[in-house]
Amino acid sequence: DTEVTQTPKHLVMGMTNKKSLKCEQHMGHRAMYWYKQKAKKPPELMFVYSYEKLSINESVPSRFSPECPNSSLLNLHLHALQPEDSALYLCASSHPNTGELFFGEGSRLTVL
Amino acid sequence: TQLLEQSPQFLSIQEGENLTVYCNSSSVFSSLQWYRQEPGEGPVLLVTVVTGGEVKKLKRLTFQFGDARKDSSLHITAAQPGDTGLYLCAGDNYGQNFVFGPGTRLSVLP
């Protein structure tokens, strides 16, 4: 069982909807990540938060808006998405000493 | 730009066979990680290799880090259907970022 919890597991939304993906970890990790993964492709980095501050934004469109309310929580707010944004969205946190990534099970997003 | 290549991209074998998958780069990494991902799930960390030439074993899986810390291999002995999945290698760029390889999709047939 993963120690990174993502909700919802599945989400279907229209292009005019506003929704949020949530991620929680209680391992005391201070770096958290959002990745996007399309079918049969590796994960692509979207955002990195380090000590609750956004440290990396990989040129992600503004219709994706990350938020880190505290060291255990990471949100991804979605607005006016396109069908090509349909993908598996993965949250991860990293061990402070080894840098190993621990992934959640992902949120499968479908944009109609 | 750092890139990781993996080979083969796809592999379909019979239960009981042995196999090796490779992860190669022209860049040096501080460490390299292997993950396995099953459909609809997140990647699960299998191992981290840190020292050049290091060999780690995890039951039937043997991982090796190249002497120059640019490449790695994963060898599976007597593959089982439960080994089926996407195997991803990821290089740690001295804590700056992770670089993922494109993955090797393994299918082990009973």
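Draft legend 1. Spatial organisation of the side chain of Q37 of chain A. Inspection of the secondary structure assignment puts Q37 of chain A in strand β4 (residues 31–37). Here Q37 of chain A falls in the buried class, since its relative accessible area comes to 6%. Reaching out from Q37 of chain A, the side chain makes a polar contact with the side chain of Q37 of chain B at a distance of 2.7 Å. Discounting residues that sit within four places of it in the chain, Q37 of chain A has contacts with P42, P43, A87, L88 and L90 of chain A together with Q37 and L86 of chain B.

Draft legend 2. Representation of the pattern of salt bridges. This model, assessed by the stated rule, comprises five salt bridges over all chains. A salt bridge links D85 of chain A to R63 of chain A, with the shortest nitrogen-to-oxygen separation between them at 2.7 Å. Taken together, the residues span a long stretch of sequence, with D85 of chain A in the loop between β8 (73–79) and β9 (87–94) and R63 of chain A in the loop between β6 (53–57) and β7 (64–70) at a distance of 22 residues. According to the relative accessible area criterion, D85 of chain A is buried, its value standing at 2%. Classification of R63 of chain A as partly exposed rests on a relative accessible area of 24%. As a salt-bridge pair, K56 of chain B and E54 of chain B come within 3.7 Å of each other at their nearest N and O atoms. A relative accessible area of 32% means that K56 of chain B is categorised as partly exposed. Given the relative accessible area of 19%, E54 of chain B is considered buried.

Definitions and cut-offs
Residues numbered from 1 in each chain as written. Chains lettered and ligands numbered in written order. Predicted model: local features only at pLDDT ≥ 70, side-chain atom pairs only at ≥ 80, totals over all residues. Heavy atoms only, no water. Helix = DSSP H or I, 4+ residues; strand = E, 2+ residues; numbered from the N terminus. Buried < 20%, exposed > 50% of the residue type's maximum accessible area, 1.4 Å probe, protein only. Polar contact = N/O pair within 3.5 Å; in protein donor to acceptor, adjacent residues only side chain to side chain. Contact = heavy atoms within 4.5 Å. Salt bridge = Lys/Arg side-chain N within 4 Å of Asp/Glu carboxyl O.

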